[in-house]
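Coordinate analysis (summary)
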Amino acid sequence: EHIANQIAAGEVVERPASVVKELVENAIDAGSTRIEVAVEEGGLQSIRVKDNGSGIEPEDCETAFYRHATSKIGNGRDLFQITSLGFRGEALPSIAAVAKVSLTTASSDDGRGRRLEIEGGKLTASEDTAHGRGTEMTVRELFYNTPARLKYMKSIQTELGHISDAMYRMALAHPGISFTLQHNGNQLLHTLGNGDLLQVIAAVYGTSAAKAMLPVHAEDPDYRISGYVSRPDWTRSNRNAITTIVGGRYIRSNGLNAAIMRAYHTLLPINRYPLLVLKLDMHPSLVDVNVHPAKLEVRFSKEPELYQLVEQVIRKALLGENL
Ligand code: ADP
Ligand code: MG
């Protein structure tokens, strides 16, 4: 069981940013409206995620760290119907196998909570404690017992870059949740959680970027598209500012990216790129979320139709027309 967890950890926990992503997704799934993330030394020393969500029942705390114990999947077909971000019950056991984890949680407002400590997959403490409703998870010394993996970690700046990137994408996907990110005590991100996507764009990319955005909106019987796209006269040298969100999940799709770039065709100078946040909503039967959640890949069942709609709605926004 312990070895299985370490092997699984290799898939789920690639680097500190994967831990941040898994813990924050759990906080989102728990219905949190405020999620505070604080990391030290690029997350290699510690990662703390604190939320005000549902909390975990005292009697469920230990099982949350057993592999697949909490999997929300009943059978293979359910993978097409995923609505929560977590769905394999693999993240917590995997993280706990390769780090020193402490969990403090309470599922009611009466202040009665539970605290657990797990080191390298072994439960080392479990006790009642006072805690407000919500969960605080701290992951220290990631990969301390898997030195080969630790050796693959890049510089603190590189690991922090991956963490910020993951946080930006999740904040953009959830403007109704307030996110903060601190690194070694410095605040790097603060979103208000008031549902205003433009505020999140300002928090992530700066106010001048937010001012350069045009709203987009389109609907057909299968898809609904909304979000913001940058004016063609405001560009970036970095192509990494296209965020596509499907069902609350940040995804990567070469087809979508190509459709987006077609919309900007001839409007951008060479080697300049736009900034976009596009939310795509569709019936779950029209999208296949890849079985491996870390890969962020999806397959759409009506690709040409979707790509055409995306290109069209952006093009119209850029040309100042109304759809
Ligand atoms: P999954 O998210 O795939 O179910 P995880 O290993 O990430 O699996 O989490 C295990 C379980 O622990 C979750 O299903 C959830 O019930 C509980 N849990 C984890 N984090 C939180 C949290 N922040 N708030 C409430 N419940 C949580
Ligand atoms: Mg999870």
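In case you missed it, the structure is sitting above this.
Let me begin by describing the structure that accompanies this report. Note that the structure is predicted; figures quoted are calculated from it, not measured.

**What to know about the sheet that holds strand β2 (residues 46–51)**
As summarised here, the arrangement of the eight strands in space is β5-β4-β3-β6-β2-β1-β7-β8, forming an open sheet in which the pairing is mixed. Of all strands in the sheet, those bounded by a partner on one side alone are β5 (122–130) and β8 (186–190). On average, each strand axis in the sheet is inclined to that of its neighbour by 10 degrees, with strand direction left out of account. Two elements, strand β1 (residues 34–40) and β2, share six bridges in a ladder whose sense is antiparallel. Bridge pairing in β2 places I35 opposite D51.

**Some remarks on unusual backbone geometry**
Its identity as a non-glycine residue notwithstanding, F143 has a phi of 65 degrees, on the positive side. Relative to the elements of secondary structure, F143 occurs in the loop between β6 (134–140) and α4 (147–151). Given 19 C-beta atoms within 10 Å, F143 falls into the partly exposed group.

**With respect to the pairing of β1**
Of the two faces of β1, the one lined by I35, V37 and V39 is fully buried and the one lined by R34, E36, A38 and E40 carries no buried residue. Here β1 folds back onto β2 in antiparallel fashion, the turn holding five residues, of which E41 has a positive phi close to 50 degrees.

**Details of the sheet that holds strand β10 (residues 223–230)**
With mixed pairing, five strands are arranged side by side in an open sheet as β9-β10-β13-β11-β12. The open sheet is flanked by β9 (213–219) and β12 (249–251), the only strands paired with a single partner. Taking the axes of each pair of neighbouring strands and ignoring which way they run, one obtains an average angle of 20 degrees across the sheet. Bridge analysis of β9 against β10 gives seven bridges, and the strand direction is antiparallel. The partner of A218 across the bridge, within β10, is I225. Helix α5 (residues 156–173) contacts β11 (242–246), β12 and β13 (276–282) of the sheet and is inclined by roughly 125 degrees relative to β12. Where helix α6 (residues 197–205) meets the sheet, it contacts β9, β10 and β13, and its direction lies at approximately 40 degrees from that of β10.

**Overview of helix α8 (residues 254–263)**
Those residues of α8 not exposed but buried are L256, A259, I260 and A263. Buried residues of α8 fall within an arc of 100 degrees about the axis and therefore sit on the same side.

About the thresholds
Residues numbered from 1 in each chain as written. Chains lettered and ligands numbered in written order. Predicted model: local features only at pLDDT ≥ 70, side-chain atom pairs only at ≥ 80, totals over all residues. Pairing = 2+ DSSP bridges. Helix = DSSP H or I, 4+ residues; strand = E, 2+ residues; numbered from the N terminus. Axes fitted to C-alpha atoms, helices over the stretch in contact; angles between N-to-C directions. Buried ≥ 20, exposed ≤ 12 C-beta atoms within 10 Å, placed from the backbone. Contact = placed C-beta atoms within 7 Å. Arc of directions from axis to C-beta.

The quantities given are spatial measurements derived from coordinates; they are silent on function.
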